[in-house]
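Breakdown of the fold
Residues per chain are reported as follows:
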Amino acid sequence: MDGKVLRDEILVELKAKIEAAGSPAITLATVLVGDDGPSQRYVRSKRQKAEEAGMISRHTDLPATATQAEIESVVTALAADPTVNGILVQLPLPDGRDEEAVLDLIPPEKDVDGLTERSMGRLVRGRPGLVGCTPTGVMRLLERYDVPVSGQRAVVIGRSTLVGLPLALLLARKGVDATVTLAHSRTADMAAVVRECDIVVGAAGQAGMITGDIVKPGAAVIDVGISRTDAGIVGDVDRDSVAPVAGWITPMPGGTGPMTIASLLDNTYTAAQLQGVVAS
Ligand code: GUN
């Protein structure tokens, strides 16, 4: 399952839609606090792809020493600025900062990351709203590659609010209809759980934890995990042993990462629609 190809298709469609709407100014505001290398790279990619799609990228870089009040004041100003359509605060914030308090300042119609309690509440309640980018990206990969989902057994390993929890909800939603297990670090006999499943999503950040011997032949295996090792960034899926067994597999990198960005830009377009900048 090639996330880069699908991302590029989504970007081309988005660019065409924006041009067809008369190229209105659609602005994605990104906020990065501190100097974590991978976070800097992720945000750079998000900004670059936004511009490629015909959007305006507005970025605020804050030093690792920025106080809670300084971060909150930047987000408050972006929330109030009518020219800003989407706000993304890259996580994690440096130690000691209160992420929840920062997210609370993002209005749901600008919450292109789908992370605030109101956006997540809408997802739980089945109401229209902006849904998290990585979970949405995984759903799009499954759809694009015609992976059967309805009635199938799926396991999501990892219960983060960024990925695992919303993805489990999306897979179980009416109309999608997977039977979902949300597994985590305390799950007893993880191998037995994974072996039963037709769809396996690794979102735990445990390098190489999903191995070929525990994967059901023909299963779709999706890697969202990120571990920073001496050998570079490694996913949760041990690709060498899983690829010969799986029916579908995402590469790492080049799978769910690019899809996160595609979903972010799609969400930014939807946010602009919610704000009346482009027609719905
Ligand atoms: N950190 C890692 N992934 C993400 C993401 O999708 N959004 C934000 N805001 N921070 C992240």
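This text follows the structure it describes.
One structure accompanies this document, and this report is about it. All values derive from a computational prediction rather than experimental measurement. (Residues numbered from 1 in each chain as written. Predicted model: local features only at pLDDT ≥ 70, side-chain atom pairs only at ≥ 80, totals over all residues. Heavy atoms only, no water.)

This part covers the packing of helix H1 (residues 3–20) against helix H10 (residues 256–274). Orientation of H1 relative to H10, taken along the N-to-C sense of each, is 20°, at an axis distance of 8 Å. The angle between H1 and H10 falls in the class roughly parallel. The way H1 lies across H10 gives a crossing that is left-handed. Residues Gly-3, Lys-4, Leu-6, Arg-7, Ile-10, Leu-11, Leu-14, Lys-17 and Ile-18 of H1 form the contact with H10, whose participating residues are Pro-258, Met-259, Ala-262, Leu-265, Asp-266 and Tyr-269. Here the contact of H1 with H10 is composed, by residue class, of 10 nonpolar, 1 polar and 4 charged. (Axes fitted to C-alpha atoms, helices over the stretch in contact; angles between N-to-C directions. Helix = DSSP H or I, 4+ residues; strand = E, 2+ residues; numbered from the N terminus. Parallel < 35°, antiparallel > 145°, perpendicular 65-115°, else oblique. Left-handed = near helix turned anticlockwise from the far one by under 90°. Contact = heavy atoms within 4.5 Å. Nonpolar A, V, L, I, M, F, W, Y, C, P; charged D, E, K, R; others polar.)

Before going further, it helps to spend a moment on the pairing of strand E6 (residues 199–202). Across the two faces of E6 the burial is the same, with Ile-199 and Val-201 and Val-200 and Gly-202 all buried. Across 4 bridges, the pairing between strand E4 (residues 153–157) and E6 is parallel. Note on E6: the bridge partner recorded for Ala-154 is Ile-199. Both E6 and strand E7 (residues 220–223) contribute to a ladder of 4 bridges, which runs parallel. Residue Gly-202 lies in a different strand from E7, and its bridge partner there is Asp-223. (Buried < 20%, exposed > 50% of the residue type's maximum accessible area, 1.4 Å probe, protein only. Pairing = 2+ DSSP bridges.)

With an omega of 0°, the peptide bond between Leu-91 and Pro-92 qualifies as cis. Relative to the helices and strands, Pro-92 resides in the loop between strand E3 (86–89) and helix H4 (99–103). Going from Met-252 to Pro-253, the amide bond is cis rather than trans, its omega being 0°. Mapping Pro-253 onto the fold places it in the loop between strand E10 (248–249) and H10. For Asp-146, which is not glycine, the phi torsion reads 50° and is therefore positive. Judged by its relative accessible area of 63%, Asp-146 is exposed. Despite not being glycine, Asp-189 shows a phi value in the positive range, around 50°. Mapped onto the elements, Asp-189 comes out in the loop between strand E5 (179–183) and helix H8 (190–195).

As enumerated under the stated definition, the model contains 9 salt bridges in all. Salt-bridge contacts for Arg-228 lead to Asp-36; the nearest nitrogen and oxygen are separated by 3.0 Å. Of the two residues, Arg-228 sits in strand E8 (residues 227–229) while Asp-36 sits in the loop between strand E1 (27–33) and helix H2 (37–52), which places them 192 residues apart along the sequence. Under the relative-accessibility criterion, Asp-36 is labelled partly exposed at 32%. Among the ionic pairs, Asp-198 bridges to Lys-216, the shortest N-O distance being 2.7 Å. Residue Asp-198 is found in the loop between H8 and E6, and its partner Lys-216 is found in the loop between E6 and E7; the two are separated by 18 residues along the sequence. (Salt bridge = Lys/Arg side-chain N within 4 Å of Asp/Glu carboxyl O.)

Running from N to C, helix H5 (residues 117–125) and helix H7 (residues 164–172) point in directions that differ by 25°, and their axes come no closer than 10 Å. In terms of their interaxial angle, H5 and H7 are classed as roughly parallel. Judged by the twist between their axes, the crossing of H5 over H7 is left-handed. Side by side, H5 and H7 meet where Met-120, Leu-123 and Val-124 of the first sit next to Pro-166, Leu-169 and Leu-170 of the second. Looking at the contact of H5 with H7 residue by residue, the class counts come to 6 nonpolar, no polar and no charged.

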